[in-house]
Amino acid sequence: MSALPETSREWHLVARPHGWPKAEDFALREVPVSEPGEGRVLVRNLYFSVDPYMRGRMNDVKSYTPPFQLDRPMDGGAIGEVIASNAEGFAVGDHVLHGLGWREYADVPAKHATKVDGSVAPLSAYLGVLGMPGLTAYAGLFDVASFKEGDAVFVSGAAGAVGSQVGQMARIKGASRVIGSAGSDEKVKLLVEEYGFDAAFNYKSGPVAQQLKEAAPDGIDVYFDNVGGEHLEAALSSFNVHGRATICGMIAQYNNTEAAPGPRNLALVIGKRLRLQGMLVNDHNDLAPQFVKDVAGWIASGELKYNETVVEGIEHGYDAFVGLLRGENTGKMIVSLTR
């Protein structure tokens, strides 16, 4: 076995953010590295993921996933190479997907590591289009929102890792119209010209409700909500009877220090017989094999495209995360440690 590194750098949460996360809420610290114990592998991380849900884990509140602990390493999706193994079925050189990101080297229980094949797709794709965000899009559209051919679909946060896949999947499966919202004119252009959306608008350019009505004059049947707030209110106004919404995220509210007002037009749910359903991707892991098969096929055929925003260097982990919250990414935001 080759000599192991003596130390590893990892990001720790050192204070609970109030509102927008600040640099002083985090610390990049150096810790010793040791041989993996029985049933464990030591992984040199190549990429780790930053995701909107991580903002909620920085608050000390009871939720569907435990909060990050102070003065402990944060975690999240990561792809890496096994450099030492004390677990049957894992060899040095294997590439694995695991949950101990935000660090250079990870001591991972083998039962929580999944081998991935870099010949099927680039390794970073397993954190995005072929990973958790992709499965979120797939399950949220087809299972939670009960999408059917001919539906008109509206996606907020449509240039992000999840939203960009939702719109393309709807198009591939025969949506009558796919509409997306994004936060810049460049992203709007990307949605229409590269991802094949029928219409898209910059939500910063005017009232969302008005722009949505212009983009979807015949109304919408499915809304995939990544944003909440004004977008959800607009979708309620544009819904046709028996419309369905998948409530996946509310990034517009993640850094609020006071409770955000709810949609003022919620009574429309009654007359239109709408269904609004929240989702967590972990409830849909049974769909993973079919998801990987379908999406790998769509990528291979060129029907489905994806983008990644890659930030180089572990020292820029905080910058990547805050950039994600500000919408500076197109597609999946990833931190690369491959330098």
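Residues numbered from 1 in each chain as written. Predicted model: local features only at pLDDT ≥ 70, side-chain atom pairs only at ≥ 80, totals over all residues. Heavy atoms only, no water.

For the chain, the name recorded in an unreviewed UniProt entry is NADP-dependent oxidoreductase, with Streptomyces achmelvichensis as its organism.

Enquirer: Please explain the sheet that holds strand β10 (residues 177-182) as it appears in this structure.
Expert: In sheet architecture, strand pairing relies on hydrogen bonds along the backbone and comes in two forms, parallel and antiparallel. With parallel pairing, the six strands of this open sheet are ordered in space as β11-β10-β9-β12-β13-β14. Whereas interior strands pair on both sides, the edge strands pair on one side only; in this sheet they are β11 (199-202) and β14 (275-278). On average, each strand axis in the sheet is tilted by 15 degrees relative to the strand beside it, whichever way the strands run. Bridge analysis of strand β9 (residues 152-155) against strand β12 (residues 220-225) gives three bridges, and the strand direction is parallel. Residue pairing across strands places valine 153 opposite valine 222, the latter belonging to β12. Where helix α2 (residues 132-144) meets the sheet, it contacts β12, β13 (239-247) and β14, and its direction lies at approximately 145 degrees from that of β12. Of the strands in this sheet, β10 and β11 are in contact with helix α4 (residues 185-193), which crosses β11 at around 175 degrees. (Pairing = 2+ DSSP bridges. Helix = DSSP H or I, 4+ residues; strand = E, 2+ residues; numbered from the N terminus. Axes fitted to C-alpha atoms, helices over the stretch in contact; angles between N-to-C directions. Contact = heavy atoms within 4.5 Å.)

Enquirer: Would you mind showing me how to read the packing of α2 against helix α3 (residues 163-172) here?
Expert: Packed helices, taken two at a time, are described by the angle between their axes plus the distance between the axes. At a minimum axis separation of 8 Å, α2 and α3 run at an interaxial angle of 50 degrees. As judged from the angle between their axes, α2 and α3 are oblique. The way α2 lies across α3 gives a crossing that is right-handed. In this structure, α2 contributes Gly134, Ala137, Tyr138, Leu141 and Phe142 to the contact, and α3 contributes Gln165, Val166, Met169 and Ala170. Its residues assigned to classes, the contact of α2 with α3 comprises seven nonpolar, two polar and no charged. (Parallel < 35°, antiparallel > 145°, perpendicular 65-115°, else oblique. Left-handed = near helix turned anticlockwise from the far one by under 90°. Nonpolar A, V, L, I, M, F, W, Y, C, P; charged D, E, K, R; others polar.)

Enquirer: What should I look at first to understand the pairing of β11 in this one?
Expert: Side-chain positions along a regular strand alternate between the two faces of the sheet. Every second residue of β11 is oriented toward a common face, with Ala199 and Phe201 on one face and Ala200 and Asn202 on the other, all of them buried. Of the strand pairs in this sheet, β10 and β11 are connected by four bridges, and their pairing is parallel. Residue pairing in the sheet places serine 181 in a bridge with phenylalanine 201 of β11. In this view, the connection linking β10 to its parallel neighbour β11 by way of α4 has right-handed handedness. (Buried < 20%, exposed > 50% of the residue type's maximum accessible area, 1.4 Å probe, protein only. Right-handed = clockwise from strand over helix to strand, strands pointing away.)

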